2 protein chains.
Amino acid sequence: MAKKVLIVYAHQSSGSFNAAAKNAAVEVLTAQGCTVDVSDLYAMGFKATATAEDIKGEVKNAENFCYLEESKLAWEQGKLSADIMEEQSKLTVADLIIFQFPMYWFSVPAILKGWIDRVLTNGFAFSQEKRYSQGIFKDKKAMLSFTTGSLESMFSPTGINGDMNVTLWPLQNGILHYCGFQVLAPQIFWAPSSAVAEDRKSMLESWRTRLQGLLEEKPLSFISLDCFDDKAFQLKPEVHEKHASKEFGLTVGIHLNKPLPPHSQMKAGC
Amino acid sequence: MAKKVLIVYAHQSSGSFNAAAKNAAVEVLTAQGCTVDVSDLYAMGFKATATAEDIKGEVKNAENFCYLEESKLAWEQGKLSADIMEEQSKLTVADLIIFQFPMYWFSVPAILKGWIDRVLTNGFAFSQEKRYSQGIFKDKKAMLSFTTGSLESMFSPTGINGDMNVTLWPLQNGILHYCGFQVLAPQIFWAPSSAVAEDRKSMLESWRTRLQGLLEEKPLSFISLDCFDDKAFQLKPEVHEKHASKEFGLTVGIHLNKPLPPHSQMKAGC
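Worth saying up front: this structure is predicted, and the values here are computed from it rather than measured.

### A closer look at the packing of aromatic side chains
Residue and element names in this part refer to chain A.
Item 1. Applying the stated criterion across every chain yields a total of 30 aromatic pairs over all chains.
Item 2. Aromatic pair Phe99 and Trp115: ring centres 5.6 Å apart, planes at 75°, arrangement edge-to-face. Linking Phe99 in strand β3 (residues 96-102) with Trp115 in helix α5 (residues 110-119), this pair joins segments that are 16 residues apart in sequence.
Item 3. Judged by relative accessible area, which is 4%, Phe99 ranks as buried.

### Here's the deal with helix α7 (residues 197-213) of chain A
Helical geometry: 3.6 residues make up each α-helical turn, so side chains three or four residues apart lie on a common side.
All names here are of chain A.
Item 1. An ideal rise of 1.5 Å per residue puts 24 Å on 17 residues; α7 measures up with 26 Å between its terminal C-alpha atoms.
Item 2. Buried within α7 are the following residues: Met203, Leu204, Trp207, Arg210 and Leu211. Down the axis, α7 shows its buried residues gathered within 120° of arc, on one side only. Among the exposed residues of α7, those oriented more than 90 degrees off its buried face are Glu198, Lys201 and Thr209.
Item 3. Contact partners of the buried residues in α7: α1 (17-31), β3, β4 (141-147) and β6 (187-189).

### As for the relation of the copies chain B and chain A
Item 1. By a simple turn and slide, chain B fits onto chain A: the slide is 0.0 Å along the axis, the RMSD is 0.0 Å, and the turn is 180°. As the rotation angle and translation indicate, the two copies are arranged about a two-fold axis. Residue Pro259 of chain B, judged by its C-alpha, is the member of chain B lying nearest the rotation axis, at 2.1 Å.

### Overview of the nonpolar core
Item 1. Leu112, Trp115 and Leu120 of chain A together with Leu112, Trp115 and Leu120 of chain B are the most contacted members of the largest nonpolar core, which totals 137 residues.
Item 2. With sequence-adjacent residues up to four places away left out, Leu120 of chain B is seen in contact with Trp105 of chain A together with Leu91, Trp115, Ala125, Phe126, Phe137, Ile175 and Cys179 of chain B.

### Some points on the packing of helix α6 (residues 164-176) of chain A against helix α6 (residues 164-176) of chain B
Item 1. Following both chains from N to C, one finds α6 of chain A and α6 of chain B inclined at 105°, their axes separated by 8 Å at the closest point. The angle between α6 of chain A and α6 of chain B places the two elements in the roughly perpendicular class. Seen from α6 of chain A, the contacting residues are Val166, Thr167, Trp169 and Pro170 of chain A; seen from α6 of chain B, they are Val166, Thr167, Trp169 and Pro170 of chain B.

### What about the interface of chain B and chain A?
In many reports, interface size means the accessible area that the parts give up when they come together.
Item 1. Taken together, the contact between chain B and chain A spans 68 residues of the former and 68 residues of the latter.
Item 2. Contact between chain B and chain A buries roughly 5,300 Å² in total, counting both sides, with carbon and sulfur atoms accounting for 62%.
Item 3. Across the chain B-chain A interface, the total number found is zero salt bridges.
Item 4. Applying the counting criterion to the chain B and chain A interface returns 36 residue pairs in polar contact (both at pLDDT 80 or more).
Item 5. No other element matches the seven residues that α6 of chain B contributes to the side of chain B that touches chain A.

### Describing the UniProt feature "domain: Flavodoxin-like fold" (unreviewed entry) in chain A
Item 1. Per the UniProt entry, the sites bearing "domain: Flavodoxin-like fold" (unreviewed entry) are residues 3-211 of chain A in this numbering.
Item 2. Helix makes up 38% of residues 3-211 of chain A and strand 15%. Its end C-alpha atoms lie 13 Å apart.

### Concerning the pattern of salt bridges
All names here are of chain A.
Item 1. The tally for this structure, following the rule as stated, stands at 16 salt bridges over all chains.
Item 2. Here Arg118 and Asp54 are joined by a salt bridge, their closest N and O atoms 2.9 Å apart. Of this pair, Arg118 sits in helix α5 while Asp54 sits in the loop between α2 (41-44) and α3 (67-76), and the two are 64 residues apart along the sequence. Accessibility assignment for this pair places Arg118 and Asp54 in one class, buried.
Item 3. Between Glu217 and Arg210 there is a salt bridge; the shortest N-O distance is 2.8 Å.
Item 4. When salt bridges with common partners are traced through the structure, they connect Lys47, Asp54, Asp83 and Arg118 into a single cluster.

### Let's talk about the packing of helix α4 (residues 82-93) of chain B against helix α5 (residues 110-119) of chain B
All names here are of chain B.
Item 1. Running from N to C, α4 and α5 point in directions that differ by 85°, and their axes come no closer than 10 Å. The angle between α4 and α5 places the two elements in the roughly perpendicular class. Note on element contacts: α5 touches α4 through Trp115, Arg118 and Val119, opposite Asp83, Ile84, Glu87, Gln88 and Leu91.
Item 2. Partitioned by chemical class, the residues of the contact of α4 with α5 number four nonpolar, one polar and three charged.

### Section: α4 of chain B
Residue and element names in this part refer to chain B.
Item 1. For α4, which comprises 12 residues, the first-to-last C-alpha distance of 17 Å matches the rise-based estimate of 16 Å (1.5 Å per residue) to within 8%.
Item 2. Within the span of α4, buried status applies to Ile84, Glu87, Gln88, Lys90 and Leu91. Buried residues in α4, looked at end-on, bunch into an arc of 160°, giving them a common side.
Item 3. Residues of α4 that are buried make contact with β1 (4-9), β2 (35-40), α2 (41-44), α3 (67-76), β3 (96-102) and α5.

### Here's the deal with the environment of Gln265 of chain A
All names here are of chain A.
Item 1. Within the fold, Gln265 resides in the segment after α8 (237-243).
Item 2. A residue is classified by how much of its surface remains accessible, and Gln265, at 0% relative accessible area, is buried.
Item 3. In sequence terms Gln265 and Lys236 are 29 residues apart; their C-alpha atoms lie 23 Å from each other.
Item 4. Excluding residues that lie within four positions of it along the chain, Gln265 makes contacts with Asn165, Leu168, Trp169, Gln172, Asn173, Pro186, Leu220, Phe222 and Val252.

### Re the environment of Ile111 of chain A
Item 1. Along the chain, Ile111 of chain A turns up in helix α5.
Item 2. A residue is classified by how much of its surface remains accessible, and Ile111 of chain A, at 2% relative accessible area, is buried.
Item 3. In this structure, the C-alpha to C-alpha distance between Ile111 of chain A and Leu41 of chain A, residues 70 residues apart in sequence, is 7.0 Å.
Item 4. Excluding residues that lie within four positions of it along the chain, Ile111 of chain A makes contacts with Ala10, Leu41, Tyr42, Phe46 and Ala48 of chain A together with Thr49 of chain B.

Calculation notes
As a convention, each chain's residues are numbered from 1 in the sequence order in which they are written. Chains carry letters from A onward and ligands carry numbers from 1 onward, assigned in written order. It should be noted that, the model being predicted, local features are given only for residues of pLDDT at least 70 and side-chain atom pairs only at 80 or more, the latter also being counted only at that level, while totals for whole chains, interfaces and linings use all residues. Processing note: side-chain calculations cover all non-hydrogen atoms of the structure and skip hydrogens and water entirely. Under the pairing criterion, centres of Phe, Tyr and Trp rings, with the six-membered ring standing for Trp, must be within 6.5 Å; the plane angle then separates stacked pairs below 30 degrees from edge-to-face pairs above 60, leaving the rest tilted. The helix and strand labels rest on DSSP assignments: H or I over at least four residues marks a helix, E over at least two residues marks a strand, and numbering proceeds from the N terminus. Any residue under 20% of the maximum accessible area for its type is buried, any over 50% is exposed, and the rest in between are partly exposed; the area is computed with a 1.4 Å probe on protein chains only. Each residue after the first adds 1.5 Å to the expected span of a helix. By construction, the arc corresponds to the directions joining the helix axis to the C-beta atoms. In what follows, residue pairs with any heavy atoms lying within 4.5 Å of each other are defined as contacts. When the copies are superposed, the least-squares fit draws on C-alpha atoms of residues that have pLDDT of at least 70 in both. We call a set of buried Ala, Val, Leu, Ile, Met, Phe, Trp, Tyr and Cys residues a nonpolar core when their side-chain atoms join them within 4.5 Å. Every angle, taken between N-to-C directions, lies between 0 and 180 degrees, and every axis is a line fitted to C-alpha atoms, over only the stretch in contact when it is a helix. Comment on the angle field: the value is read as roughly parallel under 35 degrees, roughly antiparallel over 145, roughly perpendicular from 65 to 115, and oblique elsewhere. Summed over both partners, the accessible area lost on bringing two parts together, with a 1.4 Å probe, is the buried area. Any carboxyl oxygen of Asp or Glu within 4 Å of a side-chain nitrogen of Lys or Arg constitutes a salt bridge here. Any pair of N or O atoms that falls within 3.5 Å is considered a polar contact. Within protein, one atom must be able to donate a hydrogen and the other to accept it, and sequence-neighbouring residues count only if both atoms are side-chain atoms. UniProt positions are given in the numbering used here, feature names are shortened, and annotations may be inferred rather than shown by experiment. Under the scheme applied, nonpolar residues are Ala, Val, Leu, Ile, Met, Phe, Trp, Tyr, Cys and Pro; charged residues are Asp, Glu, Lys and Arg; polar residues are all the others, including Gly.

Here's what the structure looks like:
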């Protein structure tokens, strides 16, 4: 069956490298028979801030408004604002979500963080029981595709910005994997604004090549929820022991005070 | 001389734990003779998204709008929008900035990311030459003060969310230290919403106690800019060699494929 792809795209300009990367994804995936939907956040004037206006009608506790709780309730009662519900509908039918953005301050731009904060509602995207490997979106794939301002050498374990695997952990583990998504390796366009036109062109070419087989790619490795106890959510002693003689930690975050597994947030099978 | 403090505060409700933490900071620091200014982002309706409207008058390249470049130019020419200039003025006079927020998705809420994206303008907050230990704000201090939804045990090197030091690296190194700030240890309020009233009260009490000596605290350790070459921004061979026999990496990001230095993003002197 034809796959559905949602591209959540955050760049202000249609002349940008990010626009070209987004257009390449639309083109190659559509040519493969996929249905591709694009949420062009700046063009939509997407609201980034999580406020009581995201809830239709009265909130439960106006005195002590808690977005996490109020938005969960609103989702259950069908009272989320139309823009959120629209994005949730797109997400519900999608098999793959691609986030396309320029990295701002070692993370996503605020408008995209706003999409994450507002659309991935408590109840809709996760619950206490349904998260990580048991997450609600475990049959979907997601990936980050982004440009950097810095060179690749600067984002290494000996580079001034530090290991890119560390910078990616909160995004890929804390957002994507948290909701259950199978996380595909990120597509990183290193400093296209510092590159000559020919190099920019070849970056896009290699993205087009990757897109051909994207839906068949093996995702990044994370740890199964059942490796943790269900009270303090600590690694179970038997898992810990089994891993005791290994050279590297399990993941970037769950590193067991060992060296980080190399490239684990950048490449599948690491 | 009396110190100036800016609190950048991001919670929707004046009845929240975050509001109480912010109020405690205002109270204790004011009682010490500090001048305290608060940017209450939700109350201000702070614009989170980085757009061409942030620049007064014509932009340089409307066809291929690049926020990093256009905002730099606008800053140089005094053409940034009034709300950005106002925040930059507050930052310019401040000796200490406290970011008070609930952690959303392993990071800051979008409205606060918007403050970071828009206020820390290229040229005003950093330049190619002036960053990290040579950063523009190297005579200022900054810190994160935030609430989590998860318990502390979940944010450990053997916990389901992974080591909090990893999650803090992009924020504390990539934003605060990048601009030169001396980064004070974060104030983390672990899951106050799951705590009983008495425990919430004692969390606030220990914050009040810490605030008494906050301005005299030793900051977290980062690596001096002159440890890196100025082309690929790699650690200089002599620094690498000097550290070769050490057990731990230098920092969370610049880990040299060794175990991460424990607590280095949580406590000074680690």
